[in-house]
Amino acid sequence: MPSDKTEAPPLPEPLRVPVADSHTHLDMQSGTVEEGLAKAAAVGVTTVVQVGCDLNGSRWAAETAAAYEAVHATVALHPNEAPRVVHGDPDGWSRQGARRPGGESALDEALAEIDRLAALDQVKGVGETGLDHFRTGPDGEAAQERSFRAHIEIAKRHGKALVIHDRDAHADVLRILEEEGAPERTVFHCYSGDAEMAGICARAGYFMSFAGNMTFKNAQPLRDAIAVAPLELLLVETDAPFLTPAPYRGRPNAPYLIPITVRAMAAVRGIGEDALATALAANTARAFDY
């Protein structure tokens, strides 16, 4: 393995049955959209769901999905974005740079723009939204929760999938979904729960999408969840450029690396990769209604 952590991993053996990357961030990856889609298609990843995390990213996702047949969009304010809109971002570590506090009215305006984008045909989901107790402290939790509840309402009103970011917040995410009434199609992106939570999600009919971190040594709870989740509720994703599967952990991720995760998931399930890929392709199309 090269010592250079910035070097892109090689193309894996192509899948025989094409699948979709159910969650990616092409706008954060190197190279052009065309190059990324061509590399993915070369290994059997023929569809990608491009996910918005803020207003600029959500507009870009919608524009990109309109321009490319292989791309579907989701739009949202990321759980860590909502508190920044309200309270400002003095450190400027998000992509927008330093920002002044906008208060509740700024959040209302941002949510109105997400609502407008969510009505577009090429936008198949509202997300990633949810809760992140890892990055957002107690002062930002109210804004985060208000934003999450608003996104649930937007998804239901437009009949779109809800894409959930749940970091260190399982109980609260599940509670709010129950309180608000989850949309018909709800996806736990980068599923981070255990087998017990997988049972709760299965009973509620929530899709569980697994990323490259299910290949990590310390990820046995994720593999346990994959083993017990209903086959018809499984999705696969990269969350690229993040969460690159082993043995390339730490190097840039991209949709073309999906086959590595598909094969690892198939091994956990004890089924052939073609059978799993067939299910994953059908599940993603059903989850995002394309």
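Description of the structure in this document. Values in this document were obtained by computation on a predicted structure and should not be read as measured data.

### What to know about the overall build of the protein
In terms of helices and strands, the protein carries ten helices and eight strands. At 18 Å, the protein has a C-alpha radius of gyration in line with the 19 Å of a compact globule built from 290 residues. Based on the C-alpha atoms only, the size of the protein along its principal axes is roughly 50 × 40 × 35 Å. Within the protein, buried positions represent 53% of all 290 residues. Sequence separation of 24 or more characterises 73% of the internal contacts of the protein that already satisfy a separation of 6 or more. Carbon together with sulfur atoms contributes 53% to the accessible area of the protein, which is approximately 12000 Å² in total. Across the protein, 27 positive and 41 negative side-chain charges occur, with their mean positions spaced 3 Å apart.

### What to know about the nonpolar core
Counting 81 residues, the largest nonpolar core has Phe148, Leu177, Phe188, Tyr191, Phe210 and Met265 as its most contacted members. Counting residues per element, this core draws most heavily on helix H4 (residues 103-118), which supplies seven residues. Non-local contacts of Met265, meaning those with residues more than four positions away in its chain, are made with Phe210, Met214, Ile226, Leu234, Leu235, Val236, Leu276 and Leu280.

### As for the packing of aromatic side chains
Under the criterion given, the structure shown has two aromatic pairs. Taken together, a centroid distance of 5.7 Å and an interplanar angle of 35 degrees make the contact between Phe188 and Tyr206 tilted. One end of the pair, Phe188, is in strand E6 (residues 186-188); the other, Tyr206, is in the loop between helix H7 (195-204) and strand E7 (207-210), and 18 residues separate them in sequence. Centre to centre, the rings of Tyr191 and Phe210 are 5.2 Å apart; their planes meet at 50 degrees, and the pair counts as tilted. Here Phe210 lies in strand E7 and Tyr191 lies in the loop between E6 and H7, a separation of 19 residues in the sequence. Neither residue differs from the other here; Tyr191 and Phe210 are each classed as buried.

### Details of helix H1 (residues 33-42)
Three or more residues of H1 are buried, namely Val33, Gly36, Leu37 and Ala40. End-on view of H1: buried residues confined to an arc of 95 degrees, all on one side of the axis. Lining the buried residues of H1 we find strand E2 (45-51), helix H2 (55-67) and strand E3 (71-75).

### Here's the deal with the layout of surface pockets
It is the rolling of a water-molecule-sized probe over the atoms that shows where space remains empty. For the largest pocket, the calculated volume is near 1100 Å³. Contributing to the lining of the largest pocket are 36 residues, with His78, Asp132, His165, Arg167 and Asp239 lying nearest its centre. Put simply, the parts of the chain that give the lining of the largest pocket at least two residues each are helix H3 (81-87), strand E4 (123-132), strand E5 (161-167) and helix H8 (220-228). Looking at the lining of the largest pocket element by element, the count peaks at three residues for E5. Residue classes in the lining of the largest pocket are distributed as eleven nonpolar, twelve polar and 13 charged. If you add up the space inside the second largest pocket, you get close to 270 Å³.

### Focus: the packing of H4 against helix H5 (residues 141-158)
At a closest axis distance of 10 Å, the pairing of H4 and H5 adopts a crossing angle of 25 degrees. In terms of orientation, H4 lies roughly parallel with respect to H5. Pair H4 / H5 crosses with right-handed handedness. Residues Glu104, Leu107, Asp108, Leu111, Ile114, Asp115 and Ala118 of H4 pack against Ala143, Arg146, Ser147, Ala150, His151, Ile154, Arg157 and His158 of H5. Along the lines of polarity and charge, the residues of the contact of H4 with H5 split into seven nonpolar, three polar and five charged.

Conventions used here
Residues numbered from 1 in each chain as written. Predicted model: local features only at pLDDT ≥ 70, side-chain atom pairs only at ≥ 80, totals over all residues. Heavy atoms only, no water. Helix = DSSP H or I, 4+ residues; strand = E, 2+ residues; numbered from the N terminus. Rg over C-alpha atoms; globule rule 2.2 N^0.38 Å. Buried < 20%, exposed > 50% of the residue type's maximum accessible area, 1.4 Å probe, protein only. Contact = heavy atoms within 4.5 Å. Areas by Shrake-Rupley, 256 points an atom, 1.4 Å probe, with all protein chains shown as cover. Lys, Arg positive; Asp, Glu negative; His and termini not counted. Charge placed at Lys NZ, Arg CZ, Asp CG, Glu CD. Core = buried A, V, L, I, M, F, W, Y, C linked by side-chain atoms within 4.5 Å. Phe/Tyr/Trp six-rings, centres within 6.5 Å; stacked < 30°, edge-to-face > 60°. Arc of directions from axis to C-beta. 1 Å grid on protein atoms, 1.4 Å probe; cavity = no way out; pocket = protein on both sides within 12 Å on 5 of 7 lines; lining within 4 Å. Points joined across faces, edges and corners; volume = space filled by probe spheres on them. Nonpolar A, V, L, I, M, F, W, Y, C, P; charged D, E, K, R; others polar. Axes fitted to C-alpha atoms, helices over the stretch in contact; angles between N-to-C directions. Parallel < 35°, antiparallel > 145°, perpendicular 65-115°, else oblique. Left-handed = near helix turned anticlockwise from the far one by under 90°.

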